[in-house]
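# Coordinate analysis (summary)
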Amino acid sequence: AARSKSGMPLLTAEPENVMDMTQRIVRDPWPHARAFSPAVITSGPTRTIYLAGHYGHKADDGASLAGNFDEQCKQAFRAIERTLAEAGAKLSDLVTMTVFLVDPRLTTRMTEIRTEIFKGDFPASAAITVTGFSDPAILLEIQGIAVVPA
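Residues numbered from 1 in each chain as written. Predicted model: local features only at pLDDT ≥ 70, side-chain atom pairs only at ≥ 80, totals over all residues. Heavy atoms only, no water.

### Side note on the overall build of the protein chain
Regarding its fold elements, the protein chain presents three helices and six strands. For the protein chain, the succession of helices and strands along the chain, N to C, is β-α-β-β-α-β-α-β-β. In the protein chain, of all internal contacts separated by at least 6 residues, the share reaching a separation of at least 24 is 72%. When the accessible surface of the protein chain is split by element, carbon and sulfur atoms take 54% of a total near 8,500 Å². (Helix = DSSP H or I, 4+ residues; strand = E, 2+ residues; numbered from the N terminus. Contact = heavy atoms within 4.5 Å. Areas by Shrake-Rupley, 256 points an atom, 1.4 Å probe, with all protein chains shown as cover.)

In structure tokens, the structure reads:
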């Protein structure tokens, strides 16, 4: 069985008919300005990766990022990037994400940071305001779905 870099088994299914996977991003001016696509369409033999919520309230060295929204947002995307790499994918393979935020006023800044990271081909997305997380230092959490060729 295939294994990730950390040695965990990867569950895969071989497609019956081998053909190239394609991805098409539906574009619209307002969603594009907010750094998301209204839809991402994939077809062909694919493998789907479901990402649990990732947050970035601690730096790679364990230092607290409490109160620093920009760094927490960037750290959350770095954590997602590492998880996707373990699964044989990259950020550009994300087809949708849900961003949970403790303050709706942070949505615009999250959009700016996401624009810097994705540079134009954005996943579908939703931003949801929550009352808090299990750790009060957490300001956002991001979960998503990525699709890659099988």
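Following the structure, the description resumes.
### A closer look at the pattern of salt bridges
According to the stated counting rule, one finds six salt bridges in the structure shown. R109 serves as the salt-bridge partner of E112, at 2.9 Å between the closest nitrogen and oxygen. Of this pair, E112 and R109 both sit in helix 3 (residues 107-118), three residues apart, which is roughly one turn of that helix. In this structure R109 comes out as partly exposed when scored by relative accessible area, which is 24%. A single salt-bridge network, built from bridges that share partners, covers D70, R109 and E112. (Salt bridge = Lys/Arg side-chain N within 4 Å of Asp/Glu carboxyl O. Buried < 20%, exposed > 50% of the residue type's maximum accessible area, 1.4 Å probe, protein only.)

### A closer look at helix 3
In this model helix 3 runs 16 Å from its N-terminal to its C-terminal C-alpha over 12 residues, within 8% of the 16 Å that 1.5 Å per residue would give. Those residues of helix 3 that fall on the buried side of the exposure criterion are T107, M110, T111, I113, R114 and F118. Buried residues of helix 3, seen end-on, are gathered within an arc of 170 degrees and therefore sit on one face of the element. Tucked inside the fold, the buried residues of helix 3 contact helix 1 (29-33), helix 2 (69-86), strand 4 (94-101) and strand 5 (124-129). Count one or two residues on from helix 3 and you reach K119, which has phi positive near 55 degrees. (Expected span 1.5 Å × (residues − 1). Arc of directions from axis to C-beta.)

### Some points on the side chain of D103
Looking at the element boundaries, D103 is found in the loop between strand 4 and helix 3. Side chain to side chain, D103 and R105 meet in a polar contact 2.6 Å long. (Polar contact = N/O pair within 3.5 Å; in protein donor to acceptor, adjacent residues only side chain to side chain.)

### Details of the packing of aromatic side chains
The geometry of an aromatic ring pair is captured by two quantities: the separation of the ring centres and the angle between the planes. Using the criterion set out here, one finds one aromatic pair in the structure. On the basis of an interplanar angle of 80 degrees and a centroid distance of 5.9 Å, the ring pair of F77 and F118 is categorised as edge-to-face. Here F118 lies in helix 3 and F77 lies in helix 2, a separation of 41 residues in the sequence. The pair F77 / F118 is uniform in exposure class, with both members buried. (Phe/Tyr/Trp six-rings, centres within 6.5 Å; stacked < 30°, edge-to-face > 60°.)

### Details of unusual backbone geometry
Although it is not a glycine, K119 sits at a positive phi angle of roughly 55 degrees. Relative to the elements of secondary structure, K119 occurs in the loop between helix 3 and strand 5. A residue is classified by how much of its surface remains accessible, and K119, at 70% relative accessible area, is exposed.

### Some points on the confidence of the model for the protein chain
On average, the protein chain scores 85 in pLDDT, and the residues at 70 or more come to 87%. Confidence drops under pLDDT 50 across residues 1-6; counting only partners more than four residues distant or on other chains, this segment forms 11 contacts. Note that residues 8-18 has pLDDT below 50 and, in this model, 13 contacts with residues that lie over four places away or in other chains. (pLDDT = per-residue confidence, 0-100.)

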